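# Breakdown of the fold
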Amino acid sequence: MNLRRYFIRALHRLQKGPGYTYKELLVWYCDNTNTHGPKRIIKEGPKKKLIWFFLTLLFASLVFWQWGILINTYLSYNVTSSLSIGFKTMKFPAVTVCNANPFKYSEVKHLLKELDRLIEVALERILQPTPGNSSENTSLPLDLGLWHQIPLVLIDEHNKDNPIILDIFETSQTSAGNQTSAGDQTSADNQTSADDQTSVGNQTAAPPALANTTSEEKKYKLAVKLCSHQGSNNCTYRNFTSAAQAVTEWYILQSTSILSKVPLQERIRMGYQAEDMILACLYGAEPCNYKNFTQIYHPDHGNCYIFNWGMDEEALNSSNPGAEFGLKLILDISQQDYIPYLSSAAGARLMLHQQKSFPFLKDQGIYAMAGTETSIGVLVDELERMGYPYSDCTMNGSDVPVKNLYSQYNTSYSIQACLRSCFQNHMIEICGCGHYMFPLPEGVNYCNNEDNPGWAYCYSSLRSSIRHRQICIDSCKETCNDTQYKMTISMADWPSEASEDWIFHILSYERDMSTNVTLDRNGIIKLNIYFQEYNYRTISESAATTIVWLLSSLGGQFGFWMGGSVLCLIEFGEIIIDSLWITVINVISWCKGLKQKRAQARYPDTPPTVSELVEAHTNLGFQPEDTGTLPRDEALPPEPGTPPPNYDSLRVQPLDVLGPDSDTETE
């Protein structure tokens, strides 16, 4: 009932409003609004009324167009970057140093012995194909089964339309100990076209010599043949412009398969130990040693050592800028114990990064050359990105759909960790095993040639897949807050010729307790890492458009084109509400009219008067009974009655219907 009363009162208030039709309401709005233009439409003459109507419509369209642009600009969530320079005591970065060679060759030689013999013989066949010039050591048989798992092949491109694939070990071996033809152990598709990989027949010619051909005659390329499984025609060839690149890539794939089956602790033992690699350490004025470094195993570089990682203790602060307040290291990389076909670069790999972050040296590391003193001046850039909706960054990686496999190191989130974790997850899902260079989730094994014969083909296809790469890029996010270290690098020969004797004597004695010189220039590296200055730069993002900017811009456009304000918008809202109320009244009136039409359908003639209705339902004396219902003897006598009054005089009639003598009759 209260709701009904409220609705009725609202309808009554509406009846006191500006009008009962849309036209009346529109005229009332134009006459009373504070917006410029509508008043002139109703008050000017016909010609000016048309002009003002056109101008008002034009400027209103401009206002709505500008509003659309402003709202779209605000919803795009653009940012502006600001650069500020500060001065404070800063934390010294974490410093990771590794050897460019992951393992000591003396420790892994027994594992890579067959692989080294294969590549040595293969290189002799490529460079010296004539049997008389070959110096192959064929006293022991070659493990061609290892070769055919991931073979190296030559591509004859003399006929570019139909290149020929030549297997390096296709000709027979003539050693006394092994009279077996190597060509019989190769798969049938070794002589295939590089385009369609269909068989073109047996090829018996020896591979041509690459060293004895001119640049015009050099039509051969060395490639790595990767097949989905051994003996399959579903193969791909990874071509290289240089045979050196092909040999290195082939050796990495083969050694990865071999080392993936070695336990982690054994791999750590075969790497370079901290006490052998770190000869001297000094931070500022405080001495340090290898015990101040944290050891981690890196698949690319073996044992790596991190200074000031901040895992077990607080990070160190740098008191002043300058080389005398930084970190000084002397490293021994033992270049004479490098794996010849695995590590073609000699030196130390190092990286500066934040505390508790994993060092991705392959992407962000730098080399320090042996026999030099490398000075690295550091500048700090702090990046502060705005989060959603201004940018798609993450604070700690909790909202990233990719499982971080590097969390087993208790390190913080980074986009490099996310991309590698995503690739490893795809590798496990598609290839059925994990790659040796990335961490493994529980219950999964690394790929190798014995258990997963087609893993190299699967890995190569996945690495070159743009679709899978884009999936990982779309899934991973940048960190909202990041610290970057800009480095200025300079180098000089160290030690000098005048001082190398006594320096090598002292360092050899300190490491080996021997008076003999066991170190040389090819294995010694000196590093100086320091803050170049204490000024740090902060690059922060801020919203280019705010709600205050949006409201002021909207009001400015509205006021400039139509002279309006917020109150004008309220007036416009008021007329919309009034229009809705008029619509409600019209609907209610229409419903009442429809109801009356339905009632009139029950009385097609003129409706009866009140007296006629009374005569039909009252005064039984004027309603004779049906005499056939009772016997003649029992019929009742007529009862006198008073006739009802005539109520026709109460009917409301128009004045023009009444005659001039109607008053006389009534008297």
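Residues numbered from 1 in each chain as written. Predicted model: local features only at pLDDT ≥ 70, side-chain atom pairs only at ≥ 80, totals over all residues. Heavy atoms only, no water.

## Topic: the packing of aromatic side chains
- In the structure shown here, the tally under the stated rule is 25 aromatic pairs.
- With a centroid separation of 6.5 Å and an interplanar angle of 65 degrees, the aromatic rings of Y29 and F572 are classed as edge-to-face. Of this pair, Y29 sits in helix α2 (residues 22–32) while F572 is found in helix α16 (residues 566–600), placing the two residues 543 residues apart along the sequence.
- Note on Y29: relative accessible area 12%, which makes it buried.
- Through pairs of rings, three or more aromatic residues link up here, namely F87, F92, Y283, F293, F307, F531 and Y534.
- The ring of Y536 carries the charged tip of K88 above its face, separated from the ring centre by 4.7 Å.
- Above the plane of the ring of Y367 lies R349, whose end atom (NZ or CZ) is 4.4 Å from the centre. (Phe/Tyr/Trp six-rings, centres within 6.5 Å; stacked < 30°, edge-to-face > 60°. Helix = DSSP H or I, 4+ residues; strand = E, 2+ residues; numbered from the N terminus. Buried < 20%, exposed > 50% of the residue type's maximum accessible area, 1.4 Å probe, protein only. Lys NZ or Arg CZ within 6 Å of the ring centre and 35° of its normal.)

## Brief notes about helix α7 (residues 243–259)
- The end-to-end C-alpha distance of α7 is 24 Å, a good match for the 24 Å that 17 residues give at a rise of 1.5 Å each.
- Of all 17 residues making up α7, 12 are buried, and the element is well covered by its neighbours.
- Two or three places before A244, at the start of α7, stands the capping residue S242, its side-chain oxygen 3.2 Å from that residue's backbone nitrogen. (Expected span 1.5 Å × (residues − 1). Polar contact = N/O pair within 3.5 Å; in protein donor to acceptor, adjacent residues only side chain to side chain.)

## Some details on the confidence of the model for the chain
- Of the residues in the chain, 79% have a pLDDT of 70 or more, and the chain-wide mean is 81.
- Note that pLDDT drops below 50 for residues 130–134; the model gives that stretch three contacts with residues more than four away or on any other chain.
- pLDDT under 50 marks residues 657–667. Its contacts with residues more than four places away, or in other chains, come to one contact. (pLDDT = per-residue confidence, 0-100. Contact = heavy atoms within 4.5 Å.)

## Focus: the state of the cysteines
- For the structure shown, the criterion picks out eight disulfides.
- Here C418 is linked by a disulfide to C476, with a sulfur-sulfur distance of 2.0 Å. The S-S bond linking C418 to C476 shows a torsion near -85 degrees; that makes this disulfide left-handed. Here C418 is found in helix α11 (residues 415–431), whereas its partner C476 is found in the loop between α13 (466–475) and β16 (478–479), with 58 residues between them in sequence. With respect to class, C418 is no different from C476; both count as buried.
- Here C433 connects covalently by a disulfide to C447, the sulfurs 1.9 Å from one another. Taking the sign of the S-S torsion, about 100 degrees here, the bridge from C433 to C447 comes out right-handed. In this pair, C433 is assigned in the loop between α11 and α12 (455–463) and C447 in the loop between α11 and α12, connecting sequence segments 14 residues apart. Comparing C433 with C447 shows no difference in burial state: the two are buried. (Disulfide = S-S within 2.5 Å.)

## Topic: the side chain of S540
- With respect to the helices, strands and loops of the structure, S540 is situated in strand β19 (residues 535–543).
- Those residues in contact with S540 that sit more than four places away from it in its chain are T80, S81, S82 and E384.

## Remarks on the sheet that holds strand β12 (residues 348–353)
- One open sheet holds the five strands; their spatial order is β9-β10-β2-β12-β13, and the pairing between them is antiparallel. Two strands bound the open sheet, and with one partner strand each, they are β9 (293–298) and β13 (366–368). On average, each strand axis in the sheet is tilted by 30 degrees relative to the strand beside it, whichever way the strands run.
- Examined bridge by bridge, strand β2 (residues 94–99) and strand β10 (residues 302–307) share four bridges and lie antiparallel to one another. When the sheet's bridge partners are listed, C98 is paired in β10 with C304. (Pairing = 2+ DSSP bridges. Axes fitted to C-alpha atoms, helices over the stretch in contact; angles between N-to-C directions.)

## A short note on the side chain of N308
- Tracing the backbone through its elements, the reader meets N308 in the loop between β10 and β11 (327–332).
- Polar side-chain contacts of N308 include one of 2.5 Å to the backbone oxygen of F92.
- Setting aside residues up to four positions removed in sequence, N308 forms contacts with F92, P93, A94, E314, A315, L316 and Q355.

## As for the sheet that holds strand β5 (residues 220–227)
- Strand order in the open sheet formed by four strands is β4-β3-β5-β6, with antiparallel pairing between adjacent strands. What marks the edges here is a single partner per strand, and that holds for β4 (164–167) and β6 (235–239). Ignoring strand direction, the axes of neighbouring strands in this sheet form an average angle of 40 degrees.
- Sheet analysis places β5 next to β6, joined by five bridges and oriented antiparallel. Across the sheet, A223 pairs through a bridge with N239, a residue of β6.
- Contacting β3 (152–156), β5 and β6, α7 crosses the sheet at an angle of about 20 degrees to β5.

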